[in-house]
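# Residue-level structural notes
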Amino acid sequence: IDLDAGSEVVVQFSSQRRQVELVRGQAYFAVAKDPDRPFEVRADGALAQALGTHFSVAKRNEGIRVIVSEGRVQVSDLRAHGDGIANHVVQLAANQSATLREGGPLDGPVELDAASTLAWLHGNVTYRRETLGNVVADLNRYSRRPIILEDATLAQMRVTGRWSTGDLDVWLDSVAQALSLSVVRRQDEILLVSTVPSSRLHNGKSTAPPGASPVRR
C-alpha cells in the first residue's frame, strides 16, 4: 500500500478476507493474487474488489474515484436506495476509472492514462482540466497551513499541467499565476484570491507557466 501525503487507511486482514478502509486522502494498492482471500477497499459508500491487480482509491471533492493501472477491479455502490433501484456495479480494466459521486450516481468506466494520473507515486502531480477545488485538496495534503479559496466559485476553474510535490511553493504559485490568482500567505493560512472580474472565473484555464510541464494528449 502506498499512501499519498495526508492520507489514512485502516487495514483488517484475516484468513478469509483482506479489507482496507480509506479514511482520507488517496492510496495505491498492489494486490497479490489470493482467490481464497478477496481484497476489498471501502471508502464511504464505494466498494472496490480485486483478486490480483494494481489500483488506487481517492477521496475527491466530487466523490470517491477508483483508477485501475493493471488487472481488473469491480466497483460497487453500497449506498441504500430508497427508490428500490439495485445498487450500481462497474467493472474496470487497466487505464479506466469510476467515480461514486457524492449525492449522485456511480459513473464509469472512463478511459484515462493511469500512469499520468498516478504520478503522485513518483513525487509528481499531473492534471488534465482538473478542477481547482481538487487541486487545492491535493495541495492541502502537503501544506502545513490550510490553503483556502477566497471565493467558492473559483473551485470550478480548470487546471492543466505537471508539478513536483517536493516544491509546494512552486506548485502553488504556478497554478495561481496560470489562473490569474494571487497567493496571500498569512501566519495561519494561505488564501487564493482572484485578480480578475468574477464574470470571467467560470472560464479559467491554466497555461502551464514556468515551473510547470505542459501535458499533451
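Residues numbered from 1 in each chain as written. Predicted model: local features only at pLDDT ≥ 70, side-chain atom pairs only at ≥ 80, totals over all residues. Heavy atoms only, no water.

In this structure, Phe29, Val41, Phe55, Val57, Val66 and Val73 are the most contacted members of the largest nonpolar core, which totals 24 residues. Non-local contacts of Val66, meaning those with residues more than four positions away in its chain, are made with Ala48, Phe55, Ser56, Val57, Val73, Val75, Leu92, Gln96, Ser97 and Ala98. With 21 residues, the next largest nonpolar core counts Val125, Leu149, Leu172 and Ala176 among its residues. (Core = buried A, V, L, I, M, F, W, Y, C linked by side-chain atoms within 4.5 Å. Buried < 20%, exposed > 50% of the residue type's maximum accessible area, 1.4 Å probe, protein only. Contact = heavy atoms within 4.5 Å.)

Time to look at the pairing of strand 13 (residues 124–131). Looking along a regular strand, one sees the side chains alternate between the two faces of the sheet. Burial within strand 13 is extensive, with six of its eight residues counted as buried. Sheet topology places strand 13 next to strand 15 (residues 158–164); six bridges connect them, and they run antiparallel. Within the sheet, the bridge partner assigned to Tyr127 lies in strand 15 and is Gly161. (Helix = DSSP H or I, 4+ residues; strand = E, 2+ residues; numbered from the N terminus. Pairing = 2+ DSSP bridges.)

By the bridge criterion, four bridges tie strand 11 (residues 96–101) to strand 12 (residues 106–111) in an arrangement that is antiparallel. Across the sheet, residue Leu100 finds its bridge partner in strand 12, namely Leu106. Counted between consecutive antiparallel strands, the loop separating strand 11 from strand 12 contains four residues, among which Gly103 sits at a positive phi close to 75°.

Bringing a nonpolar patch on the surface into the picture now. Together, Ile1, Leu3, Val11 and Phe13 line one region of the surface with nonpolar side chains, adding up to about 370 Å² of accessible area. With respect to the helices and strands, the residue Leu3 is situated in strand 1 (residues 2–3). With relative accessibility at 41%, the residue Leu3 sits in the partly exposed group. (Patch = residues over 30% accessible without salt bridge, like charges linked within 9 Å, V, L, I, M, F, W, Y side chains within 5 Å. Areas by Shrake-Rupley, 256 points an atom, 1.4 Å probe, with all protein chains shown as cover. Salt bridge = Lys/Arg side-chain N within 4 Å of Asp/Glu carboxyl O.)

Pairing within the open sheet is antiparallel, and its six strands lie in the order 1-4-7-8-11-12. Strands with a single pairing partner mark the edges of an open sheet, and in this sheet they are strand 1 and strand 12.

Ordered by their spatial adjacency, six strands build an open sheet running 2-3-5-6-9-10, and the pairing between neighbours is mixed. For this open sheet the edge positions go to strand 2 (8–13) and strand 10 (89–92), each flanked by a neighbour on one side alone. Going across the sheet, the axis of each strand differs from the next one's by a mean of 20°, ignoring polarity. (Axes fitted to C-alpha atoms, helices over the stretch in contact; angles between N-to-C directions.)

Here the chain averages 86 in pLDDT, and 86% of its residues register 70 or above. Confidence drops under a pLDDT of 50 for residues 199–217, and excluding neighbours within four residues, the segment shows 44 contacts in the predicted structure. (pLDDT = per-residue confidence, 0-100.)

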